[in-house]
Amino acid sequence: MSSNAETQQTASLNPQEKEAVLEVDFSSKEIPFKVVCMLMIAMFAIFLLFMPKIYIRNNIYYTSRNLIQLQAQLDSLNEENKHIKKQLEDIKFKNLTHELDF
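No experiment lies behind these values; they were computed from the predicted model shown.

Rules used throughout
- Residues numbered from 1 in each chain as written.
- Predicted model: local features only at pLDDT ≥ 70, side-chain atom pairs only at ≥ 80, totals over all residues.
- Heavy atoms only, no water.
- Helix = DSSP H or I, 4+ residues; strand = E, 2+ residues; numbered from the N terminus.
- Buried < 20%, exposed > 50% of the residue type's maximum accessible area, 1.4 Å probe, protein only.
- Areas by Shrake-Rupley, 256 points an atom, 1.4 Å probe, with all protein chains shown as cover.
- pLDDT = per-residue confidence, 0-100.
- Phe/Tyr/Trp six-rings, centres within 6.5 Å; stacked < 30°, edge-to-face > 60°.
- Salt bridge = Lys/Arg side-chain N within 4 Å of Asp/Glu carboxyl O.

Caption draft 1: Representation of the overall build of the chain within the structure. Helix and strand content of the chain: 3 helices and 0 strands. Each helix and strand of the chain, ordered N terminal to C terminal, gives the series α-α-α. Across the 102 residues of the chain, 0% fall into the buried class. Looking at the chain as shown, the accessible area adds up to about 10,300 Å², and 64% of this sits on carbon and sulfur atoms.

Caption draft 2: Inspection of the confidence of the model for the chain at higher detail. Of all residues in the chain, 80% attain a pLDDT of 70 or more, and the chain-wide mean is 85. For the chain, per-element mean pLDDT is lowest for helix α1 (residues 2-12), which scores 56, and highest for helix α3 (residues 33-101), which scores 94.

Caption draft 3: Up close: the packing of aromatic side chains. Under the definition given, this model contains 1 aromatic pair. With a centroid separation of 5.1 Å and 70 degrees between ring planes, the pair formed by Y61 and Y62 is classed as edge-to-face. Y61 sits in the partly exposed class, given a relative accessible area of 46%. Given the relative accessible area of 42%, Y62 is considered partly exposed.

Caption draft 4: View of the pattern of salt bridges. Applying the stated criterion across every chain yields a total of 2 salt bridges. The salt bridge partner of K82 is E79, with a shortest N-O separation of 3.8 Å. Of the two residues, K82 and E79 both sit in helix α3, 3 residues apart, roughly one turn of that helix. A salt bridge links D90 to K86; the nearest nitrogen and oxygen atoms lie 3.9 Å apart. Highlighted residues: D90 and K86, both in helix α3, separated by 4 residues, approximately one helical turn. Its relative accessible area of 41% is what places D90 among the partly exposed residues. Since its relative accessible area comes to 53%, K86 is described here as exposed.

The following block contains the structure:
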């Protein structure tokens, strides 16, 4: 069905129009300078839009990683503090019982 429509369109073209259509050179693969400039501007704009987001996410990631390390150190120090307090109580108890032995 579409081939009938194409045939009717080409039949309605006069010979000069047919030659003009056939003279279009599709082998040229050059990209116009305007298009390149527009693409570069668009890429730069996208870069500017997403750069703060990437920067903030990286900062959040590294900050949270540091917080996790600090939290692990705090937990370790709290456990060590409990252990040292227990040792101190044991030493005090030993000294107290040692004084009572005399």
